[in-house]
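Here is how the chains run, residue by residue.
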Amino acid sequence: MTARRLFSNELEERLDELLFASTSHRSAKGIADGLEKLTREQQERVLHWVGVAAQSYAEVGYLVASLAPRALARLDAAGFEAWVLAGLDAYDRQGGQAAMALLRDLDGFCAARAHAPAAARFADIEVRLARFIQGLSGRALALSAGAFPHTDTETVFLPAQLASLPTQDENRRLYKATAALLWAQTRYGTFGTAAVGIEAALARWPDRERALRWFAALEAVRLEAVLGAELPGLAAEIAALRGPWPEGLRAAAERLGRPDAAVSQTLTFLAECMAGEAEAPMLPHAGAIDLEAALRVRAARQERETDIVRKALSTLKGFGGRQGAGESSPAVNLEGGKLEFSLDGEALALPPEAQAAAQSLLQDLGELPPECLVPAGPGAWQPTEREGGGEDALTSHREPHRRYDEWDYRRRAYRRDWCHLFEVDLPPGDPDYVVKVSLRNTAAIRQIRRRFEMLRGEDRLLGRQPEGEEIDVDALVEAAGDRAAGAEPEARLYSRRIRCERSLAAMFMVDMSGSTKGWVNDAERESLVMLCEALETLGDAYAIYGFSGWTRTRCDIYPVKRFDEAYDAAVRGRIAAVEAKDYTRMGVAIRHLTQLLEAQPARHRLLVTLSDGRPDDFGDEYRGHYGVEDTRRALQEAHERGVRSYCVTIDRHGADYLPRLYGPARYTVLDDAKKLPLKVADIYRRLTT
Amino acid sequence: MSGNPRTLAPQLQTVEIEPYYQPVRDEVALFESAHRRRLPVLLKGPTGCGKTRFVEYMAWRLKRPLVTVACHDDLTTADLVGRYLIVGNETVWVDGPLAAAVRAGAICYLDEIVEARKDTTVVIHPLADNRRMLAIDKRGELLAAPDDFMLVISYNPGYQSVLKEIKPSTRQRFVALEFDYPEAAVEAGIVATEGGVDAETARRLVKLAELTRNLKGAGLDEGASTRLLVHAAQLIADGVEPAAACTAAIARALSDDPEMTGTLDDLVRAVF
Ligand SMILES: Nc1ncnc2c1ncn2[C@@H]1O[C@H](COP(=O)(O)OP(=O)(O)O)[C@@H](O)[C@H]1O
Ligand SMILES: [Mg+2]
């Protein structure tokens, strides 16, 4: 698709739309003039990024627009994108002023980019590294850019850029080594166990900072050896990166460098180091230890997990609910690192969530806290979520189109007609939005079309037909055989190419909650454009609905494309109007869309949800466990009614609740919203072939 | 029906030499019991976790011939049951693998049953309930299965496609045995034996498998199977450098996505 460039007045109009929130009331005229001489492709790229930037901060968008011609004169497409992203990154981290300064310093940016070969950037290695850590991990551990490398036991923080080694490759390996070592801190007891209190041990030294530096260095020695037992390749790579141990750590390497060394041995050795005068030697990969942060996060997690395990055990039969005193408590069996519970010799199966919590406690403490095993006792069951009194204040006075039951896991029962569902029309959005997205993604769309044409074109040669273009030799031989044997010969002796009847109806459910604001929402809309291209090529029946809402009395469903609608201008306008609104009460949306799907005459029915994480609603009722359980239940109901669900979640960080949430459904997690548009058509292809 | 055409039955294979199979749970006893009670069996589990090997082993143990059919979407009823052919001037009936297995009181293993056409799956229904009959419509023949005959099907529940689910009406006729990758030490034993590598190499391969299985659902559809570990081990035993063997036999076999392959390479390097 080639299109003419936009003229200044057209550009001005689009800029005004994107930047209307700018405080500086400057006219976009001058900027539009500057953009006029760019190619249409460049213009669309600039407008796109101006829009993205303006969603964070209108002034940044304004600046991107005005500097774009200069930037594009010096940077290629990827460079331009990197420049804007660097600005947005600075905005997220340090605010508007920093972002503007970075963007204005185009010389600096170009120079840094020219030198960049040596430096490695966190943003470039994040996805690969996050998966690497997830591969190693016993439990979810998020990655995030931070001022200095350390971990709080739930997130590993790494600097945005590393340039301390001479080549980019080495700096990348330094990222990996640092991340692996920080992961090992959380995995192999650096922050203490039930038996070893680190805080108390460190409190002995008045110069806490020095003690922490020594502690970090000694732990690097110990953990490398511990890693070596299970992951010798990784340990060797770390060793090569750090070079020979510095003089000041030679003795430590002798004493602590053993695969079975425990943190208590580090503490013993630490005392000797602190008795001397020396400073801890610097290691390139050791990271720092922020003990306060780690202990705080860990304590909160322990409390949460203890609670989960205890409640799970309480609800299991016999335990806690039993009459009389002298109840036996469950026995914990810890064979081969696998945690098993039993009560009076009978094995207890915990739900996966509780099992994971118990495993995590075990990793932190080396044992299960005794509180876990104390029965909550009859009546002691205290759900943390309470029915919000305030929420009904928001009750709408309109009559809902439908009411749906909702599952209350605490009652183990449905709340009847609890959710009020409204089908709400979307106001038409930018009529050119779809065209613009298509322009930006011509290559990808061409590829999608080609792939899906192939699918559709999967004609089958159907044998044993009464008529057709070719003789079916197998059938002919068989008929001759039948005739000779005196059996009634088959009259259907031809083969015919037929188009495969897919008989499939697909429903896409799009999260329009407030949390999707920004990139996720952009990605969702772009995905819809890609999906429509794919599905139009394929000819499957499909529908798209958005959902959001505000408490149980206002659950809104936004039809974007109904099953019986064509992919026309009105639908395109509605795709553009998909935007971030309020909350995510997922169960009711699933129930409603399941019902719509059931009315479809297809043989197979598929529900695909696109969302950015946990179900959530105003007030704390739907947040947390309740929402997870209701959503799970709704997916189960759908399954029972013959609707297959597939859930696509954009969530960079530990998605440990997903297996529970999506129970009966299949799902995938994307760590980066930007991948959604390209992935979603692919996912659909996998689901339906 | 004029005369009685000659019947050709395909030669059935018997498993003469004990196949190596490492029992994981109580599957051997369950299978034997199902055989005694003439119940059909469904093996559920991810690919490459030992289902096929298990059936071979059980055929040897029970001293029954084994007929294996890999199902695909063009598999017709005639392909299973049989058809008339002309040989010279004579018409002969050739039993399909299923009919042959029924006649011989063999174990018939239909691998990856969901791949078969739905109308084909239906012919096994009367065999899989207490009728234990196979109807050969062409010949007007109703074959009663002897006591020794046993029907076994396999199914991988990890498939994501909505078009590839096993129908409840089929599933509910079978005793289901669940298969999964065995515990680390057991799996390492299998890899060492099958792949011909030392215990330490086998242990590391299993460790690598564990790391990739942590990525299931986060970029990978499935982690490395026991089969892939055995492949890598065989390459190593043949002199290939371990990391290169794992890259070829495991990492590249799991994903084409460049970013994912990068991560898998990192994991390979972490272990070797
Ligand atoms: N329990 C086991 N005992 C022996 N070998 C096994 C076992 N599990 C897996 N294997 C090995 O894994 C390979 C793949 O197993 P296979 O039976 O073909 O898998 P499936 O049929 O489940 O796809 C086998 O060839 C064998 O080498
Ligand atoms: Mg197999």
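Conventions adopted
Residues numbered from 1 in each chain as written. Chains lettered and ligands numbered in written order. Predicted model: local features only at pLDDT ≥ 70, side-chain atom pairs only at ≥ 80, totals over all residues. Heavy atoms only, no water. Near = heavy atom within 4 Å. Polar contact = N/O pair within 3.5 Å; in protein donor to acceptor, adjacent residues only side chain to side chain. Areas by Shrake-Rupley, 256 points an atom, 1.4 Å probe, with all protein chains shown as cover. Helix = DSSP H or I, 4+ residues; strand = E, 2+ residues; numbered from the N terminus. Nonpolar A, V, L, I, M, F, W, Y, C, P; charged D, E, K, R; others polar. Domains from an automatic or database assignment. pLDDT = per-residue confidence, 0-100. Contact = heavy atoms within 4.5 Å. Salt bridge = Lys/Arg side-chain N within 4 Å of Asp/Glu carboxyl O. Pairing = 2+ DSSP bridges.

Colleague: Give a description of the site of ligand 1 that names residues and reports values.
Modeller: All names here are of chain B. Near ligand 1 lie 16 residues; those nearest to it are Gly48, Thr52, Arg53, Glu194 and Arg227. The contact in question runs from an oxygen atom of ligand 1 to an N or O atom on the backbone of Gly50, over 3.2 Å. Note that an oxygen atom of ligand 1 is positioned 2.9 Å from one of the backbone N or O atoms of Arg53. Taken by itself ligand 1 offers 560 Å² of open surface, and the protein chains cover 91% of this. At the level of elements, helix H2 (51-62), helix H8 (184-195) and helix H10 (226-237) are the ones that each hand at least two residues to the shell around ligand 1. Here the shell around ligand 1 is composed, by residue class, of 6 nonpolar, 6 polar and 4 charged. In this structure, the shell around ligand 1 is formed jointly by two domains, domain 1 (6-178) and domain 2 (184-271), each of which donates at least three residues.

Colleague: Lay out the confidence of the model for chain B with the relevant residues and their values.
Modeller: Residue and element names in this part refer to chain B. On average, residues of chain B score 90 in pLDDT, and 97% of them are at 70 or above. Across chain B, H10 holds the top mean pLDDT of 97, while strand S1 (residues 6-8) sits lowest at 73. What the predictor reports for the complex is a pTM of 0.68 with an ipTM of 0.79.

Colleague: Describe the interface of chain B and chain A, and please don't skip the residues or the numbers.
Modeller: Residue-level contacts link 42 residues of chain B with 39 residues of chain A. Linking chain B to chain A there are 6 salt bridges. Arg128 of chain A serves as the salt-bridge partner of Asp266 of chain B, at 2.9 Å between the closest nitrogen and oxygen. At the boundary of chain B and chain A, one finds 13 residue pairs in polar contact (both at pLDDT 80 or more). Elements represented by at least two residues in the side of chain B that touches chain A include exactly strand S5 (82-87), helix H9 (199-213) and helix H12 (258-271) of chain B. Considering every element that reaches the side of chain B that touches chain A, the biggest residue donor is H12 of chain B, with 9 residues. Partitioned by chemical class, the residues of the side of chain B that touches chain A number 18 nonpolar, 9 polar and 15 charged.

Colleague: Residues and numbers for the sheet that holds strand S2 (residues 142-145) of chain A, please.
Modeller: All names here are of chain A. Taken together, 3 strands build an open sheet; the order of strands is S2-S4-S3 and the sheet is mixed. Two strands lie at the open edges of the sheet, namely S2 and strand S3 (150-151), each paired on one side alone. Of the strand pairs in this sheet, S3 and strand S4 (residues 155-158) are connected by 2 bridges, and their pairing is antiparallel. Bridge assignment links His150 to a residue of S4, and that residue is Phe157.

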